[in-house]
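# Close look at the chain arrangement
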Amino acid sequence: MLVDSHCHLNYLEDPDDSVLRATRSGISSMLCVCVNEKTAKDVMELSKRHKNVYASLGSHPESAGEDLNWLRESEDCAGAIAIGEMGLDYKGKVDGDFRRTQLESFEYQMALASVLSKPVIIHTREAEEDTIAVLSNFPRARGVLHCFTESQRLAEYALSRGFSISFSGIVTFPSAENVREVASMVPRDRLLIETDAPWLSPVPFRGKSNEPSFLVETAKFLASHLKMDFQELCAVTSRNFLDLFEPGKGNEQH
């Protein structure tokens, strides 16, 4: 069985059908990830409707600037297994004010996760130095750098801090040699996989809307790349998900 450690079911055309297809494909659980206040309700409702769907609550860097009181005051926080996705995305952005706003949002959510004792889901893109700087301010934080596409240096720093690293369908792209190089150096007990659905469909589904059932292709590719047995990779990544997010330990609502 596989776990999709990061997807956005609420953006799919028919989330319920996608969950059914995923379950039939061997996906045992899915983590549906919130990106802002507007999507929080749909994410939580999906997690309540499906026993194998968990939820996280957070504000994506593209949503930086929204009032984050909704997150701190949300009664659903107790039912979420993580805070995020949060982080920094500087790709194509040189505006200093927007970068500062992202940093403020990131730090706010890291502090909240610390208070709530929840793991964090981090989005980082072309923001290596600032990502490291923020993480260094929260030495007791635990979590995952999701959909990793950044440098080996950042990966090594995150791993040294006890973080996990998750790989999406990008690892199957012919042009993503750097991602495969990082995947090769991640310890087995820190490895996660995801779809990031509905985006980033793996080969051979490029051009189609991604969904959790497609995770099987990413898992097969990664197992081959890492010279692991497919079932071993499934077992390892599923166990890593459970160890990090501990669904069932808190008050998540199902």
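Definitions and cut-offs
Residues numbered from 1 in each chain as written. Predicted model: local features only at pLDDT ≥ 70, side-chain atom pairs only at ≥ 80, totals over all residues. Heavy atoms only, no water. Helix = DSSP H or I, 4+ residues; strand = E, 2+ residues; numbered from the N terminus. Buried < 20%, exposed > 50% of the residue type's maximum accessible area, 1.4 Å probe, protein only. Core = buried A, V, L, I, M, F, W, Y, C linked by side-chain atoms within 4.5 Å. Contact = heavy atoms within 4.5 Å.

Bringing unusual backbone geometry into the picture now. Omega for the bond connecting glycine 84 with glutamate 85 falls within 30 degrees of zero, at 20°, which places this linkage in the cis form. Here glutamate 85 is to be found in strand β4 (residues 82-89). The step from valine 203 to proline 204 runs through a cis peptide bond, and the omega angle for that step is 15°. The phi dihedral of serine 117 falls on the positive side, at around 55°, and the residue is not glycine. You can see serine 117 is positioned in the loop between α4 (96-116) and β5 (120-125). By relative accessible area, which is 56% here, serine 117 ends up exposed. One non-glycine residue with positive phi stands out, namely glutamate 126, at about 55°. Within the fold, glutamate 126 resides in the loop between β5 and α5 (128-136).

Residues Met110, Ile122, Phe167 and Leu233 are the most contacted members of the largest nonpolar core, which totals 69 residues. With five residues, the single largest contributor to this core is helix α8 (residues 215-225). With residues up to four places along the chain from it excluded, the contact list for isoleucine 122 reads Met86, Phe106, Met110, Leu135, Val144, Leu145, His146 and Phe163. One finds Tyr54, Ala82, Val144 and Leu192 within the second-largest nonpolar core, a separate group that totals 12 residues.

When you line up the elements, serine 29 lands in strand β2 (residues 27-33). Once you skip the residues sitting within four places of it in the chain, serine 29 turns out to touch Leu2, Val3, Asp4, Asn52 and Tyr54.

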